[in-house]
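# Structural characterization, general
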Amino acid sequence: MIRKLSNQDHQQVLAFLSEEPSINLFIIGDIEAFGYSSESQELWAEFDEQNTIIAVLLRFHQSFIPYAKGEFDTSGFVSIMKNYDQPILLSGKTEIVAKFEAYDDLQLGKKQVTYFAECRTDEFLSPDDVEYKKASIEDVDQILELRESIEEFYVRDDARDVLVQSIEANTSRTYFTEDNGVMTACVSTAAENSMSAMIVGVCTRKEYRRKGLATSIMKKVVQDVLNEGKTLCLFYDNPDAGRIYKRLGFKDIGMWTMHR
């Protein structure tokens, strides 16, 4: 049976998701920040005959994230997703998302498969003297302008609304460097929750690259988040970037697929 979740399901949902807290960082973070009755967010779960959760589906704005440990009613979740604007923005563990890709009547966005890495230690971090600032709401447009200047980046139509909402809810932070008032590099977190945080938006303006700016900001973000007792996660598909992240203490824990 699949049904929409409410506050009454909270403890059971968190117990289910917390068995893989890094993989479920986005779902856990959105639940803690926005709950079960926000206009921008809905959650459903499939229950077995013993009323135990076996799968969860999150809708946050235009994006869907499914999670399950074993077999689940994929067609039931597909029926829910088809009620929303197509193409669907879908992401999750590669083996779970693959089940949805088999449905020809579900319109999915462009596919990207990345490595999923996790950091639990600061033993590989070393201090440096790069000056940085922590962004506020007033810096959102500069953050998005810098991201849009990066050829490899995809900036969603609702990116500004999502970023503002996330900063206000303390589920995101951004550190940046600047030169004469121009943002030169930045690193953000997303989906921060009580257990973990995701590193996103690591970027440097083209003319300021190869100066180690983004790496220096990464060190600060990683140290601050680890000091709060949280785990860091990130996606990467560039081997050169992967080597940098691993020098900072990240380790691969799986694959992640995004349709956007």
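Just so it is clear, the model here is predicted, and its values are computed rather than measured. (Residues numbered from 1 in each chain as written. Predicted model: local features only at pLDDT ≥ 70, side-chain atom pairs only at ≥ 80, totals over all residues. Heavy atoms only, no water.)

Looking at where R205 falls in the secondary structure, it is placed in the loop between strand 10 (196–204) and helix 7 (213–227). Judged by its relative accessible area of 11%, R205 falls in the buried class. In this structure, R205 is in contact with E145, L146, S149, V182, M183 and T184, ignoring residues within four places of it in sequence. (Helix = DSSP H or I, 4+ residues; strand = E, 2+ residues; numbered from the N terminus. Buried < 20%, exposed > 50% of the residue type's maximum accessible area, 1.4 Å probe, protein only. Contact = heavy atoms within 4.5 Å.)

Structurally, D161 can be placed in helix 6 (residues 159–168). D161 sits 51 residues away from G212 along the chain, and the two C-alpha atoms are 30 Å apart.

Now for helix 8 (residues 239–247). One full turn of an α-helix is made of 3.6 residues, so residues set three or four places apart face in the same direction. For helix 8, the full list of buried residues reads A241, G242 and Y245. Along the axis of helix 8, the buried residues cluster in a sector spanning 100°; they form a single face. For helix 8, the exposed residues set more than 90 degrees away from the buried face come down to P239 and R247. You can read the cap of helix 8 off the contacts: a side-chain oxygen lies 2.7 Å from the backbone nitrogen of D240, and it is on N238. Once helix 8 finishes, G249 follows within two positions and takes phi at roughly 115°, a positive value. (Arc of directions from axis to C-beta. Polar contact = N/O pair within 3.5 Å; in protein donor to acceptor, adjacent residues only side chain to side chain.)

Turning our eyes to something else, we now look at the state of the cysteines. Linking two cysteines covalently through their sulfur atoms gives a disulfide. Counted by the stated rule, this structure contains zero disulfides. Here C203 is not disulfide-linked; the sulfur of C186 is the nearest cysteine sulfur, at 3.6 Å. Summary of cysteine pairing: C233 is not part of a disulfide, and the nearest cysteine sulfur, belonging to C119, is at 9.4 Å. (Disulfide = S-S within 2.5 Å.)

It is the contact of helix 1 (residues 10–17) with helix 2 (residues 25–34), at a shortest axis distance of 10 Å, that shows an interaxial angle of 155°. The angle between helix 1 and helix 2 falls in the class roughly antiparallel. In the packing of helix 1 onto helix 2, the handedness of the crossing is left-handed. Contacts between helix 1 and helix 2 involve H10, V13, L14 and L17 on the former and, on the latter, I27, I28 and I31. (Axes fitted to C-alpha atoms, helices over the stretch in contact; angles between N-to-C directions. Parallel < 35°, antiparallel > 145°, perpendicular 65-115°, else oblique. Left-handed = near helix turned anticlockwise from the far one by under 90°.)

Another aspect to go through is a nonpolar patch on the surface. The grouping of V113, Y115 and M255 at the surface amounts to a nonpolar patch, some 240 Å² of accessible area in total. Structurally, the position occupied by M255 is in strand 12 (residues 250–259). Residue classification places M255 among the partly exposed positions, given a relative accessible area of 33%. (Patch = residues over 30% accessible without salt bridge, like charges linked within 9 Å, V, L, I, M, F, W, Y side chains within 5 Å. Areas by Shrake-Rupley, 256 points an atom, 1.4 Å probe, with all protein chains shown as cover. Salt bridge = Lys/Arg side-chain N within 4 Å of Asp/Glu carboxyl O.)

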